[in-house]
Amino acid sequence: MSAMTKTRIHRDDEIVVVAGRDKGARGKVIRTLPANGKVLVAKVNMVKRHTRPSQSSKGGIIEKEAPIALSNVQYYCPSCKAGVRLGVKALEDGRKVRTCKKCGEVLDR
Ligand SMILES: [Zn+2]
């Protein structure tokens, strides 16, 4: 299974986790991993990693984000104050912007 997952979530979007261990957590998207159907979100799904001492660090336990399934996150709409599904609307100039399916708010500037 290596099908690309279609997503309208982009880097720097604010998302809310809607399922799993971090349900309810909000964070900014660091990176999308469409080939894996996952997304990396700041301060969400933190895992502890043990590192060996090296020239650049003393080693020890560091906390790092682990990717989370795209199906477990939703775009956080500031108007709805909730996770929402995204729609797409074409502007008069032909530009396509994302909208909140709940309140209709245009989310891209
Ligand atoms: Zn909304």
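Definitions and cut-offs
Residues numbered from 1 in each chain as written. Predicted model: local features only at pLDDT ≥ 70, side-chain atom pairs only at ≥ 80, totals over all residues. Heavy atoms only, no water. Helix = DSSP H or I, 4+ residues; strand = E, 2+ residues; numbered from the N terminus. Rg over C-alpha atoms; globule rule 2.2 N^0.38 Å. Buried < 20%, exposed > 50% of the residue type's maximum accessible area, 1.4 Å probe, protein only. Contact = heavy atoms within 4.5 Å. Areas by Shrake-Rupley, 256 points an atom, 1.4 Å probe, with all protein chains shown as cover. Donors = N, O, S within 2.8 Å, 3.2 Å for Na, K, Ca; no water. Pairing = 2+ DSSP bridges. Phe/Tyr/Trp six-rings, centres within 6.5 Å; stacked < 30°, edge-to-face > 60°. Lys NZ or Arg CZ within 6 Å of the ring centre and 35° of its normal. Salt bridge = Lys/Arg side-chain N within 4 Å of Asp/Glu carboxyl O. Patch = residues over 30% accessible without salt bridge, like charges linked within 9 Å, V, L, I, M, F, W, Y side chains within 5 Å. Lys, Arg positive; Asp, Glu negative; His and termini not counted. Charge placed at Lys NZ, Arg CZ, Asp CG, Glu CD. Core = buried A, V, L, I, M, F, W, Y, C linked by side-chain atoms within 4.5 Å.

Draft legend 1. Examining the overall build of the protein more closely. Helix and strand content of the protein: zero helices and 10 strands. Sequence-ordered secondary structure for the protein, helices as α and strands as β, is β-β-β-β-β-β-β-β-β-β. Its C-alpha radius of gyration of 17 Å places the protein more than 25% over the 13 Å reference for a compact globule of 109 residues. C-alpha atoms of the protein, sized along the principal axes, occupy 55 × 30 × 25 Å. Each of the 109 residues in the protein was classed as buried or not, and the buried ones make up 28%. Within the protein, contacts between residues separated by at least 24 positions form 36% of all contacts whose residues are at least 6 apart in sequence. When the accessible area of the protein is evaluated, it comes to approximately 7,700 Å², of which 49% is carbon and sulfur surface.

Draft legend 2. Structural detail: the coordination of the zinc ion. Looking at the metal site, the zinc ion is ligated by Cys77 (SG), Cys80 (SG), Cys100 (SG) and Cys103 (SG), spaced 2.2 to 2.3 Å from it. Within one chain, the residues serving as donors to the zinc ion are arranged as C-x2-C-x19-C-x2-C.

Draft legend 3. Fine view of the pairing of strand β10 (residues 96-100). With respect to burial, β10 is a largely interior element, four of its five residues being buried. Relative to β10, strand β9 (residues 86-90) is paired through five bridges, and the arrangement is antiparallel. Pairing of Ala90 across the sheet is with Lys96, part of β10. Where β9 folds back onto β10 in an antiparallel hairpin, the turn is made up of five residues, including Gly94, whose phi is positive at roughly 95°.

Draft legend 4. Layout of the packing of aromatic side chains. Counted under the stated rule, the structure contains zero aromatic pairs. Above the ring of Tyr76, the side-chain terminus of Arg26 is found at 3.9 Å from the ring centroid.

Draft legend 5. Here's a closer look at the pattern of salt bridges. For the structure shown, the criterion picks out four salt bridges. Note that Asp93 and Arg95 form a salt bridge whose closest N and O atoms lie 3.8 Å from each other. Residue classification places Asp93 among the exposed residues on the basis of a relative accessible area of 58%. One network of salt bridges, with partners in common, ties together Asp13, Arg98 and Asp108.

Draft legend 6. Fine view of a positive patch on the surface. Among the surface-exposed residues, Lys6, Arg8, Arg85 and Lys101 lie close enough to one another that they form a single positively charged patch. In this structure, Lys101 sits in the segment after β10.

Draft legend 7. Representation of the nonpolar core. With 16 residues, the main nonpolar core has Ile9, Ile15, Val39, Ile68 and Val73 as its most contacted residues. Of all elements in the fold, only β1 (14-17), β3 (38-41) and β7 (73-77) reach the threshold of two or more residues within this core. Looking at which element gives the most residues to this core, the answer is β7, with three residues.

Draft legend 8. Region of interest: unusual backbone geometry. Positive phi values are uncommon outside glycine, yet Asp12 reaches one of about 75°. Mapped onto the elements, Asp12 comes out in the segment before β1. Residue Asp12 is classed as partly exposed on the basis of its relative accessible area, which comes to 46%. For Lys81, which is not a glycine, the phi torsion comes out positive at approximately 50°.

Draft legend 9. Molecular detail of the sheet that holds β1. Overall, antiparallel pairing links the six strands, which are arranged β6-β3-β2-β1-β7-β8 in an open sheet. Only two strands of the sheet have a single neighbouring strand rather than two, namely β6 (68-69) and β8 (82-84).

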